[in-house]
Amino acid sequence: MVVALKKNVSEEKRAQLIDWLGGMGIKVHVSEGEFTTVLGLIGDTTKVDKDLIESLDIVDSVTRVSEAFKCCNRKFHPEDTIIDVKGVKIGGGNFCMIAGPCSVETEEQIVAVAKAVKASGANMLRGGAFKPRTSPYDFQGLHARGLELLKIAREETGLPIVTEIMSTNDLPLFEDVDVLQVGARNMQNFEMLKELGKTDKPILLKRGLANTLKELLMSAEYIMASGNEKVMLCERGIRTYSDYTRNTMDISAIPMLHELSHLPVIADPSHATGMARLVPPMAMAATAAGADGLIIEVHNDPMHALCDGAQSLRPEEFDALSKKITAVREASLG
Ligand code: PEP
Ligand code: MN
């Protein structure tokens, strides 16, 4: 249920209404816009008397919302959410560029890539330490050592670090990580989502390989309903019958997610295409479609990368792309 308040309602009257709803077990999410304040009622609202609330002199309108997702729903929270990662803002017109290798391999590698992508305009560093690989015989990541190397690269460059968590058992190791990535394969690991909801870490939630937008939003809802509202959605390509590319980048997901939700939307053209030469065109398309940021795999030696070399840009390719992205943003922002 959504309650729109009239203009200039006093703090006191608003608090009285929220208290009264709280007494019925309803949690209230307050969204203050420039002209109106909207209260999002979360919980079992079947017992709430819509007519009674509508009759209050401070209330403008009441709408019953039957949508499954509430916390991440734009109807409850009309303003864009802006997430702040150590001073880097994402969403609401703030664009972020996350770049780095698929996996952290050595100190030299991660520091060299971090310095290069920073010089080209990236404002966050990615790198997997825990890798979800299809084959158990493939490189699984450096685990705790990988996280330490990411921190060294952060120290060298000042870039906040983004890295994937695959199990809540590892949460203590991630205490000093800036953004926790939930990978496509874990998008519906509901127990993990609930645990991440109890942390105050920004979460980059990737869309599953075969998941709908509604399912992605329901997963964001798991994190938010547990108390953590700092969620970024990520379109990283889905499985279709299209051949030749690793996945199909669902560009329309970007404006659609923006319509449905107030959360920032990040695009990952690397996993979406699986081919370095297709990353720039898809990155530009996603930017033009309104993405709040990009996450791009960059490696200083893609031919010898331990994971996802084929889709990794060389630092100079990333540099060229970064300039194009700036131009696309300038053109699309008018
Ligand atoms: C990754 O970012 O390296 C990764 C494994 O991504 P995804 O979960 O989207 O496949
Ligand atoms: Mn990868």
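Presented here is an overview of the structure given in this document.

Parameters at a glance
Per-chain numbering applies: the sequence of each chain, read as written, is numbered from 1 onward. The lettering of chains begins at A and the numbering of ligands begins at 1, in the order of writing. Local features in this predicted model are restricted to residues whose pLDDT is 70 or higher, and side-chain atom pairs enter the listing and the counts only when it is 80 or higher, whereas totals over whole chains, interfaces and linings include all residues. As a convention, hydrogens and water are excluded, and side-chain values are obtained from all of the structure's heavy atoms. Salt bridges are identified by distance alone: a Lys or Arg side-chain nitrogen within 4 Å of an Asp or Glu carboxyl oxygen. The secondary structure listing takes helices from DSSP runs of H or I that are at least 4 residues long and strands from runs of E that are at least 2 residues long, numbered from the N terminus. Exposure classes here rest on a 1.4 Å probe applied to the protein chains alone. A residue is buried below 20% of its type maximum, exposed above 50%, and partly exposed in between. We call a set of buried Ala, Val, Leu, Ile, Met, Phe, Trp, Tyr and Cys residues a nonpolar core when their side-chain atoms join them within 4.5 Å. Only heavy atoms enter the contact rule, under which two residues are in contact if any of them lie within 4.5 Å. For this purpose, a residue is taken to be near a molecule or strand whenever a single non-hydrogen atom of the residue falls within 4 Å of it. Pairs of N or O atoms within 3.5 Å make up the polar contacts considered here, provided that, within protein, one atom can donate a hydrogen while the other can accept it, and that residues adjacent in sequence are counted only when both atoms are side-chain atoms. Using a 1.4 Å probe, the Shrake-Rupley method yields the accessible areas, and only the shown protein chains count as cover for residues. Cysteine sulfurs are considered disulfide-paired once they come within 2.5 Å of each other. Whether two strands pair comes down to DSSP finding at least two bridges between them. Whenever a helix is involved, its axis is fitted only over the stretch in contact; in every case the axis is a line through C-alpha atoms, and angles between N-to-C directions fall within 0 to 180 degrees. Note that water is not among the atoms used; donors are N, O and S atoms within 2.8 Å of the metal (3.2 Å for Na, K and Ca), so sites may look incomplete.

### As for the pattern of salt bridges
Now for step 1: Scanning the model with the defined rule gives 22 salt bridges in all.
Now for step 2: For aspartate 319, the salt bridge identified is with lysine 323, shortest N-O distance 2.6 Å. Of the two residues, aspartate 319 and lysine 323 both sit in helix H10 (residues 315-332), four residues apart, roughly one turn of that helix.
Now for step 3: Take aspartate 319: its relative accessible area is 24%, and that puts it in the partly exposed class.
Now for step 4: Lysine 323 gets classed as exposed once you look at its relative accessible area, which sits at 54%.
Now for step 5: By sharing partners, the salt bridges in this structure join Lys86, Arg154, Asp176 and Asp178 into a single network.

### With respect to the nonpolar core
Now for step 1: Residues Leu205, Leu233, Leu294, Ile296 and Phe318 are the most contacted members of the largest nonpolar core, which totals 62 residues.
Now for step 2: If one sorts the elements of this core by residue count, helix H6 (residues 213-225) sits on top with six residues.
Now for step 3: Here isoleucine 296 is in contact with Met97, Ile98, Ala99, Gly100, Arg126, Pro269, Ser270, Val279, Ala283, Leu313, Phe318 and Leu321, once residues within four sequence places are set aside.

### Concerning the site of ligand 1
Now for step 1: Around ligand 1 sit 13 residues in total, of which Arg126, Ala184, Arg185, Lys206 and Arg236 are the nearest.
Now for step 2: With respect to ligand 1, the side chain of arginine 236 contributes an N or O atom lying 2.6 Å from an oxygen atom.
Now for step 3: Interatomic distance of 3.2 Å between a side-chain N/O atom of histidine 271 and an oxygen atom of ligand 1.
Now for step 4: Burial of ligand 1 by the protein chains amounts to 97% of its free accessible area of 300 Å².

### Quick notes on the state of the cysteines
Now for step 1: Scanning the model with the defined rule gives zero disulfides in all.
Now for step 2: Cysteine 96 takes part in no disulfide bond, and the closest cysteine sulfur, belonging to cysteine 234, lies 9.7 Å away.
Now for step 3: The class of cysteine 96 is buried, set by a relative accessible area of 0%.
Now for step 4: Cysteine cysteine 307 remains unbridged, with the sulfur of cysteine 102 as its closest cysteine sulfur at 3.2 Å.

### A short note on the sheet that holds strand S11 (residues 203-206)
Now for step 1: Pairing in this closed barrel of eight strands is parallel, and the strands run S7-S8-S9-S10-S11-S12-S13-S14 around the ring. Between one strand axis and the next, the sheet turns by 25° as a mean value, whatever way the strands run.
Now for step 2: In this structure, strand S13 (residues 265-267) lies alongside strand S14 (residues 293-297), joined through two bridges in parallel fashion. By the bridge assignment, isoleucine 266 is partnered in S14 with glycine 293.
Now for step 3: Contacting strand S12 (231-235) and S13, helix H7 (residues 253-260) runs over the sheet at an angle of about 170° to S13.
Now for step 4: Relative to the sheet, helix H9 (residues 279-288) contacts S13 and S14, its axis offset from that of S14 by approximately 165°.

### A few points about the coordination of the manganese ion (ligand 2)
Now for step 1: Coordination of the manganese ion (ligand 2) by the protein involves Cys102 (SG), His271 (NE2), Glu297 (OE) and Asp308 (OD), with metal-donor separations of 2.1 to 2.4 Å.
Now for step 2: Mapping the donors of the manganese ion (ligand 2) onto the primary sequence gives the spacing C-x168-H-x25-E-x10-D. Linking cysteine 102 in the loop between strand S7 (96-100) and helix H3 (107-119) with aspartate 308 in the loop between S14 and H10, this pair joins segments that are 206 residues apart in sequence. Assigned by exposure class, cysteine 102 and aspartate 308 land together as buried.

### Overview of the environment of lysine 151
Now for step 1: Among the structural elements, lysine 151 can be located in helix H4 (residues 144-157).
Now for step 2: Residue lysine 151 is classed as buried on the basis of its relative accessible area of 16%.
Now for step 3: For the pair lysine 151 and valine 177, spaced 26 residues apart in the sequence, the C-alpha separation amounts to 8.0 Å.
Now for step 4: Excluding its chain neighbours within four sequence positions, the residues that come into contact with lysine 151 are Ile161, Leu173 and Asp176.

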